[in-house]
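# Analysis of the macromolecular model
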Amino acid sequence: MLFKERLNKGQLILFDGAMGTMLQHYGMLGGELPERYNIEKKDILEKIHLDYLMAGAQVLTTNTFGANSHKLAGTGLEVEVVIVEAVKCARSAIKKSGKEAYIALDIGPIGQLMEPMGTLSFDQAYDLVKEEVLAGVKAGCDLVLLETMTDIYELKAAILAIKENSDLPVLSTMTFEPNGRTLTGTNPETMVNILEGLGVDALGMNCSLGPVESKVILKDILKYASIPVMIQPNAGLPQIKDGKTVYSITEDEFVTETLAFAKEGVAIIGGCCGTTPSYIRKITSVLTGGEVVKREVVRKTKISSPVSSVTIGEDFVIIGERINPTGKKKMKEALLEDNLGYIVEEAVQQEKAGAHALDVNVGLPKIDEPKKIVEVIKLIQEISNLPLQIDSADVKALEMGCRYYNGKPLINSVNGKLESMEAVFPIAKKYGAAMIALTLDESGIPNTAEERFNIAEKIMKKAGEYGIPKENIIIDSLVLTVSAQQKEVMETVKTLALVKERLGLKTSLGVSNVSFGLPSRPLINRTFLTMAMTMGLDVAIINPMSKEMMEAISAFRVLANLDKDAEDFIGKFSEAGLADRNSDKSLSEYSLQEIIIGGLKDKSADKTREMLAVKMPLEIVNEDIMPALNIVGDGFEQGKIFLPQLIQSAETVKASFVVIKEALSASGAVEAKKGKVILATVQGDIHDIGKNIVKVLMENYGFEVYDLGKDVSPEKIIEVAKAKQVDLIGLSALMTTTVKSMEETIIKLRENGVTVPVMVGGAVLTVEYAGMIGADYYGKDAKEAVSIAHEVVDKG
């Protein structure tokens, strides 16, 4: 039976447990490359697989977590050889056991930050995973497990690489922080919305947290996911006991928690760090043959950015229309002249005005639209967390926009013409996009509501043939100009009600067309908008800078019981709220602090030069730059902003510092450094994302950072610490298999007379664990690492 068939039968599927933990059990030392065992110590690897099979595991995970070209560079190992041999070891174990089991090609994170936070491009990530997948197909694996992912954009690239180069089922799990988000800020709802759209076969969470800590996050995943959910938690938190790494959750406690997961509707259960065959045996003894508990999940119409989702139909949704050259001379000029700053300003202002999503249209005759729309989408996603509507009549531009968009987009648009549906539906299906669907077909725009309804119904049924769920269709019944087609305007409004009542679909309109050719256009627009909202309009594509339109929406939300206790309305129209609304200003009027907080890196250099006319360089640093960084850092700690925005603000500060340094140099002044810090990923660990984030932030705060890279020997750290007389040493490790190497590094530092404080960080560490391995400080995130560095330097 194929794995997908087994998954669809509704029986619980039981995975194996940790590979790294077992390799350590069989003697793997800190710094050893796990994937080398596939070739040089096959007997050990086969024994581990056999142990899991005899414990009752129904799926074996290959020892290929880091088997990509980036991680294997310089090791002498080839991706295809590593993967083929890994699958052979698993298959040999299955044969010896006499049991039936599936082989999952294990693919972990690449180990580099994706653009714009880092340098890894979407296409590079795709190619790295493609190489792994082709090797897995050649080796004959049964499915692919994408696990321990922290970046939804990298996960999207990986899923596309798998689905475009194989027919293998795809299981995707992310690892979450205690705050309920991934490292890059994705919450469970958004993860589910994006991954379901991309067509994975199961999704869930693994690693990072133990089963107890995972409960709240898992509850959210189960609430939103309409496909099978899986979980592979750690065996609690790591601890040092008798010089060895052990975990806090016993086998009995682990099985108690996983049994509860099964009762809540989890379909696939296994273990991650710290779990062993004995853990899996306990699970299989109570869960083998069990049925998946059915869950009732209400599917909703949603679009997503990488960090948040907008649900259409629960409250009124505003899509900002201003990033569109149609009828907008300045936008047209900005696109033709590549004036990206103007586009950024439009995005920022619309978000500030209250838009929930932004329309992106770059269609001009002299522009390479597919290329430009990707450029603009990436630009906007650097500075805004709002979902985007990809708006184009060019099918290639829609395809490219959807491919490189980070999240679940909204396509604008498809219509009832067969040619349009056949062109757009495959794109929407592949990328999981929602669609604005226009009620016109080969005969044009019908005059009556009933005829427009018929087109809406036709679109819905045709989309169903492509496997597109109805919640991904938003019907636009088309606004006509009242000056030319007065009678038909009410037909537009009537269609809204028909679509809502008979089809249960969500609705949208581009409102401002209605008043074209008439005086007092704002009056016509807001009156028509109110009529449409009353008849069931869910989404308005409007100019959110229009005070009249936004006030009409605010009033409607009170009257329609959407704004509970009129809380938002009172906030906007009280004396304080009115004062705040009347203080709107353009980006040219923003302070340097506001520019840094907004991550507007193309504005910071000019603003800094402007300020140098009235302030000394170090005054700007101490009175403007540092306070702004503190605000951003506090927002990050409080979960109000996320890693992409933290990095973007840090990059914005870099641009200011270039100008500051030029001014200091010209005046003969010397830039004062706060202190010297070594950062290094310990020997045997090639994951340096966390370290790189800390580096960016520390440099912004004026520390002199010696970045020694990844897989760094204790001897190298000792050498640099002595030569540079550093104030602090920061060590990073992601893998449980290399935390021991971190402890050994600290021991060697002390044995060689290096007494400066040591700070440690990484996903598998805790405050208690840091103390056990001899560290002086535990930096749970980049902001805390900077605070620790300040504390150490201030103490002298």
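Computed from a prediction, not measured in an experiment: that's the story for all the values here. (Residues numbered from 1 in each chain as written. Predicted model: local features only at pLDDT ≥ 70, side-chain atom pairs only at ≥ 80, totals over all residues. Heavy atoms only, no water.)

Moving on: the packing of helix α11 (residues 251–263) against helix α12 (residues 277–287). At a closest axis distance of 9 Å, the pairing of α11 and α12 adopts a crossing angle of 40 degrees. Between α11 and α12, the angle is such that the two are oblique. When the axes of α11 and α12 are compared, the crossing they make is right-handed. Residues Glu 251, Asp 252, Phe 254, Val 255, Thr 258, Leu 259 and Ala 262 of α11 lie in contact with α12, whose contacting residues are Ser 278, Tyr 279, Lys 282, Ile 283, Val 286 and Leu 287. Split into classes, the residues belonging to the contact of α11 with α12 amount to 8 nonpolar, 2 polar and 3 charged. (Axes fitted to C-alpha atoms, helices over the stretch in contact; angles between N-to-C directions. Helix = DSSP H or I, 4+ residues; strand = E, 2+ residues; numbered from the N terminus. Parallel < 35°, antiparallel > 145°, perpendicular 65-115°, else oblique. Left-handed = near helix turned anticlockwise from the far one by under 90°. Contact = heavy atoms within 4.5 Å. Nonpolar A, V, L, I, M, F, W, Y, C, P; charged D, E, K, R; others polar.)

Moving on to the packing of aromatic side chains. For any pair of aromatic rings, the description consists of the separation of the ring centres together with the inter-plane angle of the planes. Throughout the structure, instances matching the rule amount to 6 aromatic pairs. Linked through ring pairs, Phe 122, Tyr 153 and Tyr 404 together constitute an aromatic cluster. Over the ring of Tyr 126 we find Arg 403, and its NZ or CZ is 5.2 Å from the ring centre. Directly above the ring of Phe 453 sits Arg 502, whose terminal nitrogen or CZ lies 4.8 Å from the centroid. (Phe/Tyr/Trp six-rings, centres within 6.5 Å; stacked < 30°, edge-to-face > 60°. Lys NZ or Arg CZ within 6 Å of the ring centre and 35° of its normal.)

Bringing the pairing of strand β23 (residues 728–732) into the picture now. Consecutive side chains of a regular strand alternate in pointing toward one face of the sheet and then the other. Counting buried positions along β23 gives 5 out of 5 residues, so the element sits mostly inside the fold. Of the two faces of β23, the one lined by Leu 728, Gly 730 and Ser 732 and the one lined by Ile 729 and Leu 731 are each fully buried. Direction of pairing for strand β21 (residues 676–681) relative to β23: parallel, over a ladder of 5 bridges. Across the sheet, residue Val 677 finds its bridge partner in β23, namely Leu 728. Examined bridge by bridge, β23 and strand β24 (residues 758–761) share 4 bridges and lie parallel to one another. Following the sheet pairing, Ser 732 is matched in β24 by Gly 761. (Buried < 20%, exposed > 50% of the residue type's maximum accessible area, 1.4 Å probe, protein only. Pairing = 2+ DSSP bridges.)

A few words on the nonpolar core. If you look at the biggest cluster of nonpolar residues, it comprises 153 residues, and the most contacted ones within it are Leu 146, Leu 203 and Ile 221. With residues up to four places along the chain from it excluded, the contact list for Ile 221 reads Phe 176, Pro 188, Met 191, Val 192, Leu 203, Gly 204, Met 205 and Val 229. The next biggest cluster of nonpolar side chains, apart from the first, holds 41 residues, and it includes Val 621, Tyr 701, Leu 728 and Ala 785. (Core = buried A, V, L, I, M, F, W, Y, C linked by side-chain atoms within 4.5 Å.)

With that settled, the discussion passes to helix α18 (residues 449–465). Over its 17 residues, α18 runs 25 Å from end to end, which matches the ideal 24 Å to within 8%, given 1.5 Å per residue. Residues Ala 449, Arg 452, Phe 453, Ile 455, Ala 456, Ile 459, Met 460 and Ala 463 constitute the buried set of α18. Each buried residue of α18 sits inside an arc of 160 degrees when the element is viewed along its axis, so together they form one side. Opposite its buried face, α18 presents the exposed residues Lys 461 and Glu 465, each directed more than 90 degrees away. On its buried side, α18 packs onto β16 (410–415), α17 (418–431), β17 (434–438), β18 (473–476) and α19 (486–503). Two residues or fewer after α18 comes Gly 467, characterised by a positive phi angle close to 80 degrees. (Expected span 1.5 Å × (residues − 1). Arc of directions from axis to C-beta.)

A few words on the layout of surface pockets. Of the voids in this model, the second largest pocket is the one considered here, and its volume is about 1100 Å³. Contributions of two or more residues to the lining of the second largest pocket are made by β15 (388–391), α16 (395–404), β16, α17, β17, α20 (521–534) and β20 (539–542). Residues of the lining of the second largest pocket, tallied by class, amount to 14 nonpolar, 16 polar and 10 charged. (1 Å grid on protein atoms, 1.4 Å probe; cavity = no way out; pocket = protein on both sides within 12 Å on 5 of 7 lines; lining within 4 Å. Points joined across faces, edges and corners; volume = space filled by probe spheres on them.)

Right, let's get into the pattern of salt bridges. When the charged atoms of two side chains lie near each other, side chains of opposite charge can form a pair. Under the criterion given, the structure shown has 39 salt bridges. The salt bridge partner of Lys 41 is Glu 32, with a shortest N-O separation of 3.7 Å. Residue class for Lys 41 comes out partly exposed when judged on its relative accessible area of 31%. Classification of Glu 32 as partly exposed rests on a relative accessible area of 25%. Here Arg 322 ties to Glu 346 by a salt bridge, and the two come within 2.7 Å at their closest N and O atoms. Placement of Arg 322 in the loop between β13 (317–320) and α13 (329–336) and of Glu 346 in helix α14 (residues 340–353) is noted, with a sequence separation of 24 residues between them. Here Arg 322 falls in the partly exposed class, since its relative accessible area comes to 23%. (Salt bridge = Lys/Arg side-chain N within 4 Å of Asp/Glu carboxyl O.)

Within this structure, the stated rule accounts for 0 disulfides. No disulfide involves Cys 207; its sulfur sits 3.8 Å from that of Cys 273, the nearest cysteine. When its relative accessible area of 10% is taken as the criterion, Cys 207 is described as buried. (Disulfide = S-S within 2.5 Å.)

Within the element layout of this structure, Arg 452 appears in helix α18. In this structure, Arg 452 is buried with no salt-bridge partner, the nearest side chain bearing the opposite charge being Glu 488 at 6.4 Å. Within polar-contact distance, the side chain of Arg 452 engages the backbone oxygen of Leu 478 at 3.3 Å. Non-local contacts of Arg 452, meaning those with residues more than four positions away in its chain, are made with Thr 439, Ile 445, Pro 446, Asn 447, Ser 477, Leu 478, Leu 480, Glu 488, Glu 491, Thr 492 and Thr 495. (Lys, Arg positive; Asp, Glu negative; His and termini not counted. Polar contact = N/O pair within 3.5 Å; in protein donor to acceptor, adjacent residues only side chain to side chain.)

Turning our eyes to something else, we now look at the domain arrangement of the protein. Domain annotation of the protein identifies domain 1 (3–287), domain 2 (310–543), domain 3 (546–582), domain 4 (586–666) and domain 5 (676–795). Taking only C-alpha atoms into account, the centre of domain 2 sits 25 Å from that of domain 3. Counting from both sides, the interface comprises 16 residues of domain 2 and, opposite them, 9 residues of domain 3. Roughly 1100 Å² of surface becomes buried between domain 2 and domain 3 when both sides are summed, with 75% attributable to carbon and sulfur atoms. Three residues stand out in domain 2 for area buried against domain 3, namely Asp 315, Arg 526 and Met 533, and they jointly supply 37% of the buried area on that side. Inspection of the domain 2/domain 3 interface yields 1 salt bridge. Arg 557 is the partner of Asp 315 in a salt bridge, and the nearest nitrogen-oxygen pair spans 2.7 Å. In this assembly, domain 2 and domain 3 are joined by 2 residue pairs in polar contact (both at pLDDT 80 or more). At 7 residues, α20 tops the list of elements feeding residues into the side of domain 2 that touches domain 3. (Domains from an automatic or database assignment. Buried area = accessible area lost by both parts, 1.4 Å probe.)

What follows deals with the sheet that holds β13. Taken together, the 8 strands give a closed barrel; going around it, the order is β13-β14-β15-β16-β17-β18-β19-β20, and neighbouring strands pair in parallel fashion. For this sheet, the mean inter-axis angle between neighbouring strands, taken without regard to orientation, is 30 degrees. Here β13 pairs with strand β14 (residues 357–360) via 2 bridges, running parallel. Note on β14: the bridge partner recorded for Ile 319 is Ala 357. Of the strands in this sheet, β16 and β17 touch α17, which is tilted by about 155 degrees from β16. In the packing of α18 onto the sheet, the strands contacted are β16, β17 and β18, and the crossing angle to β18 comes to about 160 degrees.

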